[in-house]
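The chain contents come next:
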Number of protein chains: 2
Amino acid sequence: MSDGEIAVSDLADASLDVFAAHAHEQPLVRVRLDVSYDGTDFSGWAVQPGQRTVQGVLQDALSTALRVPPLTLTVAGRTDAGVHATGQVAHGDLPADVWAGASGRLVHKLSGILPRDVRVAAVTQVPDTFDARFGALWRRYVYRISDAEGGIEPLQRRQVLAWRRPLDVAAMSAAAAPLVGLHDFVAFCRRRAGASTIRTLESLDITRTEGEIVCTVQADAFCRSMVRSLVGALIAVGEGRRPVEWPAELLSYDTRCDDVGVAPAHGLTLVEVRYPPDDQLHLRAAQARARRG
Amino acid sequence: MSDGEIAVSDLADASLDVFAAHAHEQPLVRVRLDVSYDGTDFSGWAVQPGQRTVQGVLQDALSTALRVPPLTLTVAGRTDAGVHATGQVAHGDLPADVWAGASGRLVHKLSGILPRDVRVAAVTQVPDTFDARFGALWRRYVYRISDAEGGIEPLQRRQVLAWRRPLDVAAMSAAAAPLVGLHDFVAFCRRRAGASTIRTLESLDITRTEGEIVCTVQADAFCRSMVRSLVGALIAVGEGRRPVEWPAELLSYDTRCDDVGVAPAHGLTLVEVRYPPDDQLHLRAAQARARRG
């Protein structure tokens, strides 16, 4: 996924989304959607022609529920194909009269329209300065791995990576510690033209509970494939294929490191996105745009 | 499911399973298997001709892993089609030399043979007096329901029942309390000829956490469809369709009550089976057989 980069195709996101059919008639209100999905059968978040995507399914469901033309959603974390979410956040703009008429029953109505692998837990009106993508203070992802001898707990198999060899969690934790902080993570990122790969990694914790290893990672934003590359590097350490110091050494690279494996998508879940209080929303969005441009 | 009844077809289970190919050659050892499965794509536990069942898949996998003819497994809870397990227990008998040669790597080997919806977490040698079915002190099942306005959390949808109307958990708990104890649960059971429907319900707790309602039920054993019928009756109370006193009134019935709905299979998971210490195993099995015959 890519949480905070600006590319040419995204410039439209930075301006207030305009709801074409009503733009000249009446004011818009901004709404925040709290979204969960099982990423297994989606080609990721972002709309792509001919693909089933979370954004596409959600935009169509909103259009059906509200009887309006499709609107464009902006999201906190543009997850890749196969990545899940339990705490995804998106925003969109609706004509005020449409929102006023629908808000009370919209969540219930959407649950009857949406397929069972995507869910809207809440829709709430937010200030016009709320930006799901650039306004976020931080994103938190969880990556789950099982190295249990008997394999993955069957009911968890869609969201946990099976690893056939035992992993040394103490070594993984030691390797993770120096990655925390403000660094250029280009070695762990798929480069996009004009986008910064400097990020503040706020925490990277690895814990083991009953054969399941949980990597919890929090940052102001992530570049494309960054979490899965961090996990890939830590797995190499956990298996003993690389020394504990190796992931930190990669922070001095000035280009993508092809020795870093990208862990499979299905182990990854976006679990939470945090925003500042309403009166600081505009400051945060301006700061994020400036820093990551 | 049916956890403790004796029918004509089951009489063979009560004697020590005999491993045909080796029976006259050498001693057998009894092994306990700790098993989990996602019941979605299984026609229940018990082998049925032409159906994919957990017992059938497990017995075939053991036969492949050990290079022996198929053996018969005896299980703690014979779950119905669609019911899941995270703490199922089974036993079987193996020739001592086969066990001696395979025990160290059997769990790992099975994880490479079994499909991803069933898992053996452990295989351990137990006394000959261990009986997964009649030796159990109690079974614990969990039934999960979500009445959240936005629907079920997508990653949980295979194991949680979606309920579109809000449920009153306090009313459900009040209705559940008088069901605990020694009763004839025939109103909640599918009758089988010659089988008792008297059971000791040790606990039936209903809790709510963030839009998910969890019913945890523990008994010495359960008759067929008993847990799902108990949950069906409690849902009727939770919705306000039946008074709080109704489920307890059904304890005076002497036949199955057709007004009790059977809750769908996929909300149900067998989570734990408890056995006595080794030196009391034979007493428990004899007691259970006598009581439920």
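Quick caveat, the model's predicted, so the values are computed rather than measured. (Residues numbered from 1 in each chain as written. Chains lettered and ligands numbered in written order. Predicted model: local features only at pLDDT ≥ 70, side-chain atom pairs only at ≥ 80, totals over all residues.)

A. Structural view of the overall build of chain A. A tally of regular secondary structure across chain A gives eight helices and ten strands. In terms of overall size, chain A behaves like a compact globule, its C-alpha atoms giving a radius of gyration of 20 Å where 293 residues would be expected to give roughly 19 Å. When its C-alpha atoms are laid out on the principal axes, chain A stretches across 65 × 40 × 35 Å. Looking at chain A as a whole, 46% of its 293 residues are labelled buried. If you take every contact in chain A between residues at least 6 apart in sequence, the share linking residues at least 24 apart comes to 74%. (Helix = DSSP H or I, 4+ residues; strand = E, 2+ residues; numbered from the N terminus. Rg over C-alpha atoms; globule rule 2.2 N^0.38 Å. Buried ≥ 20, exposed ≤ 12 C-beta atoms within 10 Å, placed from the backbone. Contact = placed C-beta atoms within 7 Å.)

B. View of the relation of the copies chain A and chain B. The transform that puts chain A on chain B rotates by 180° and translates by 0.0 Å along the axis, for an RMSD of 0.0 Å. What we have between these two chains is a two-fold relation. The share of interface residues of chain A whose copies in chain B are also at the interface is 100%, consistent with both copies meeting through the same surface. (Least-squares fit on C-alpha atoms with pLDDT ≥ 70 in both.)

C. Here's a closer look at the interface of chain A and chain B. On the side of chain B, 25 residues touch chain A, which itself brings 25 residues to the contact. When contributions to the side of chain A that touches chain B are tallied by element, the ones reaching two or more residues are β1 (28–37), β3 (84–95), α4 (106–113) and β4 (118–126) of chain A. For the side of chain A that touches chain B, the class distribution of residues is nine nonpolar, eight polar and eight charged. (Nonpolar A, V, L, I, M, F, W, Y, C, P; charged D, E, K, R; others polar.)

D. Fine view of the domain arrangement of chain A. Residues and elements named next belong to chain A. Domain parsing of chain A yields domain 1 (8–135) and domain 2 (138–272). If you average the C-alpha positions of domain 1 and of domain 2, the two centres end up 29 Å apart. Across the boundary between the two partners, domain 1 contributes 15 residues, which contact ten residues of domain 2. (Domains from an automatic or database assignment.)

E. Region of the structure containing unusual backbone geometry. One non-glycine residue with positive phi stands out, namely Ser 225 of chain A, at about 65°. Note on placement: Ser 225 of chain A falls in the loop between β9 (212–219) and α6 (226–238).

F. Structural detail: the pairing of β9 of chain A. Residue and element names in this part refer to chain A. Looking at chain direction, strand β5 (residues 138–146) and β9 are connected through eight bridges and run antiparallel. Its bridge partner being in β9, Arg 144 is matched across the sheet by Val 214. By the bridge criterion, eight bridges tie strand β8 (residues 198–209) to β9 in an arrangement that is antiparallel. Note on β9: the bridge partner recorded for Arg 208 is Ile 213. Between β8 and β9, which pair antiparallel and follow one another directly, the connecting turn spans two residues, one of which, Glu 210, has a positive phi of 50°. (Pairing = 2+ DSSP bridges.)

G. The arrangement of the confidence of the model for chain A in detail. Residue and element names in this part refer to chain A. Scored by pLDDT, chain A comes out at a mean of 90, with 91% of its residues at no less than 70. Counting contacts from residues 4–22, a segment whose pLDDT is below 50, to residues more than four positions away or on other chains yields 32 contacts. Here the predicted complex scores 0.87 on pTM and 0.85 on ipTM. (pLDDT = per-residue confidence, 0-100.)

H. Just the environment of Ser 111 of chain B, in detail. The residue Ser 111 of chain B is located in helix α4 (residues 106–113) in this model. Separated by 89 residues in the primary sequence, Ser 111 of chain B and Thr 200 of chain B have C-alpha atoms spaced 36 Å apart. Every residue in contact with Ser 111 of chain B, bar those within four places of it in the chain, is listed here: Glu 149, Gly 150 and Gly 151 of chain A together with Arg 119 of chain B.

I. Focus on α4 of chain B. All names here are of chain B. Turning to α4, its buried residues are Leu 106, Val 107, Leu 110 and Ser 111. The arc that holds the buried residues of α4, viewed along the axis, is 140°, so those residues lie on one side. On its buried face, α4 is in contact with α2 (54–66), α3 (96–102) and β4 (118–126). (Arc of directions from axis to C-beta.)

J. Inspection of the packing of helix α2 (residues 54–66) of chain A against α4 of chain A at higher detail. All names here are of chain A. At their nearest, the axes of α2 and α4 sit 10 Å apart, and the two run at 120° to each other. With respect to α4, the axis of α2 lies oblique. Two packed elements cross with a definite hand, and for α2 against α4 that hand is right-handed. Every residue of α4 that contacts α2 at Ala 61, Thr 64 and Ala 65 is listed here: Leu 106, Lys 109, Leu 110 and Ile 113. Of the residues belonging to the contact of α2 with α4, the class tally is five nonpolar, one polar and one charged. (Axes fitted to C-alpha atoms, helices over the stretch in contact; angles between N-to-C directions. Parallel < 35°, antiparallel > 145°, perpendicular 65-115°, else oblique. Left-handed = near helix turned anticlockwise from the far one by under 90°.)

K. Looking closely at the environment of Met 172 of chain B. Residues and elements named next belong to chain B. Turning to its location among the elements, Met 172 is positioned in helix α5 (residues 169–176). A count of 25 C-beta atoms within 10 Å places Met 172 in the buried class. Ignoring anything within four residues of it in the chain, the contact list for Met 172 reads Leu 167, Ile 206, Leu 234, Val 237 and Gly 238.

L. Up close: the environment of Ala 290 of chain B. Residues and elements named next belong to chain B. Tracing the backbone through its elements, the reader meets Ala 290 in helix α8 (residues 281–292). On the basis of neighbour count, Ala 290 is assigned to the exposed category, with 9 C-beta atoms found within 10 Å. Residues Ala 290 and Glu 212 lie 78 residues apart in sequence; the distance between their C-alpha atoms is 39 Å.

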